[in-house]
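Examination of the molecular architecture
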Amino acid sequence: MLSYWNNYPTIQKKLQTVCLQIEEQLTVRNKEIQNTLIEFSQAGGKYLRPALFLLFAELAPHSKKDEKQLIQIAASIELLHMATLIHDDIIDDSPVRRGNISVQAHYGKDIAVYTGDLLFTEFFDLIIKAMNGSKFLEINAQAMKRLLLGELDQMHTRYKKNETIEDYLQSINGKTAELFWLACVEGAHFGGTDHATEKLAGQIGHDIGIAFQVNDDILDYTADSNQLNKPILEDLSQGVYTLPLLFAKQEAPEAFRPYLEKKETISYEDAKQVAELVIIYQGVEKAKQFALEYTKRALSTIEQLPDSQGKQTIYQLTKEMLHRTY
C-alpha cells in the first residue's frame, strides 16, 4: 500500500496520518478483532477515497485549514468504505477480501455483522468530532442512506433475468458513486474552495465513481483472482449482473438464457461459459467504452478546476484508474 501512496507525493504523509487515525479508531477490547481490522485497513487498500478528499482539499492552497479536521474526515470516509466491504462479504459469502481471508470467513457472519456495524459507529464518531454543527453532518447521513439504498437495489435485482442497464446504474450510483462524490465534495468544502468549485468536485466524484465501478466489473471478467485479491466471477455466481454481461445479453439474449435460468444453481463451469460469451458478444469492450466516456467527462470537468498541484494529481489519478488491472 505504501508504494501506491507514492502516486500522491503532496499528500503521502497525510495519508499515513489517516492510517494512524484509523488504527486509533479501531481500538477495541477484543484484540484479535482489532488486529484483524487493522490488517484489513492496510492490506491492499489504495485509500482512493481519502486520497481524493485530501487532493480536493489542496485546491485552495491559501485558505486556512484545520489539518486535524481534514485527517479525521478522510479517515471517516475510509471507515465507511471498509464497513460496506465487510457487509458485502457477508452477503456474498465471500472467503477473500484484499488478498486475505475475509472477516466473515474468519470469524463467522454474526461477528462480521457487528464488526461492520462497529465501523459505521466509528464513522459517525469521527464526523461528529470533525464537523459538529456543519451542514455536512446531515449530508453524510444522507450519503450513507443512499449508499445503503444502492446496496439494497443491487440485492433486489439478484438473478433478475430482465435486469436493465438503468437498474444497474441506479444501484452503482448509490453503492459506489455516492462515496466518491462525498469524498470530493467534502474535500473541496473543508479545504476552503468556493461554491462553484465544490459543485464541480461533486460532478467529478460522481463520474469517477461510475467509471471506477464499471472498470471493477470489467475486471471480474478479465483478471485472475490473484490480480483482484478476491474470487473471479463472484458477482455472476451471486446473481449480480453487471454492465459487461448486460451489454452482451442485449446482443444475444438466447445464448445467455439457459445459464441465467439456473440462478442459484449455476456452477463455476457455467459461470466460465457465461464469461466467454460476454467476451464474444463484446460486453467487455462496450463496458470499457462506457467507462471511458465517464472518465472523459470527469477529465473535462477537472480541467475547469482552479490551477494547483492538487488539480494535476487528480487529473493523472483519474486517467490511471481507468487502466488499472487490480
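Before going into details, it helps to say that this report is about the structure given with it. (Residues numbered from 1 in each chain as written. Predicted model: local features only at pLDDT ≥ 70, side-chain atom pairs only at ≥ 80, totals over all residues. Heavy atoms only, no water.)

1. Re the pattern of salt bridges
According to the stated counting rule, one finds 12 salt bridges in the structure shown. Among the salt bridges present, the one from Asp207 reaches Arg297, with a minimum N-O distance of 3.0 Å. Residue Asp207 is found in helix α10 (residues 195-222), and its partner Arg297 is found in helix α16 (residues 283-302); the two are separated by 90 residues along the sequence. The exposure class of Asp207 is buried, given its relative accessible area of 4%. Since its relative accessible area comes to 45%, Arg297 is described here as partly exposed. Between Lys262 and Asp270 there is a salt bridge whose closest N-O contact spans 3.0 Å. Taking relative accessible area as the criterion, Lys262 reaches 36% and is therefore assigned partly exposed. Among the residues examined, Asp270 registers a relative accessible area of 12% and is labelled buried. (Salt bridge = Lys/Arg side-chain N within 4 Å of Asp/Glu carboxyl O. Helix = DSSP H or I, 4+ residues; strand = E, 2+ residues; numbered from the N terminus. Buried < 20%, exposed > 50% of the residue type's maximum accessible area, 1.4 Å probe, protein only.)

2. Focus on the packing of helix α4 (residues 48-57) against helix α5 (residues 67-92)
Running from amino to carboxyl end, α4 crosses α5 at an angle of 150°, the nearest separation of the two axes being 8 Å. Accordingly, the angle class assigned to the pair α4 and α5 is roughly antiparallel. Handedness of the α4/α5 crossing: right-handed. Counted together, Arg49, Pro50, Phe53, Leu54 and Ala57 of α4 and Leu70, Ile73, Ala74, Ile77, Glu78 and His81 of α5 form the full contact between these two elements. Residue composition of the contact of α4 with α5, grouped by class: eight nonpolar, one polar and two charged. (Axes fitted to C-alpha atoms, helices over the stretch in contact; angles between N-to-C directions. Parallel < 35°, antiparallel > 145°, perpendicular 65-115°, else oblique. Left-handed = near helix turned anticlockwise from the far one by under 90°. Contact = heavy atoms within 4.5 Å. Nonpolar A, V, L, I, M, F, W, Y, C, P; charged D, E, K, R; others polar.)

3. Some details on helix α15 (residues 268-280)
The end-to-end C-alpha distance of α15 is 19 Å, a good match for the 18 Å that 13 residues give at a rise of 1.5 Å each. Of all the residues in α15, the buried ones are Asp270, Ala271, Val274, Ala275, Leu277 and Val278. The buried side chains of α15 occupy one side of the element, clustering within an arc of 160° when seen end-on. On the buried face of α15, the contacting elements are α10, α12 (234-237), α13 (243-251), α14 (253-260) and α16. (Expected span 1.5 Å × (residues − 1). Arc of directions from axis to C-beta.)

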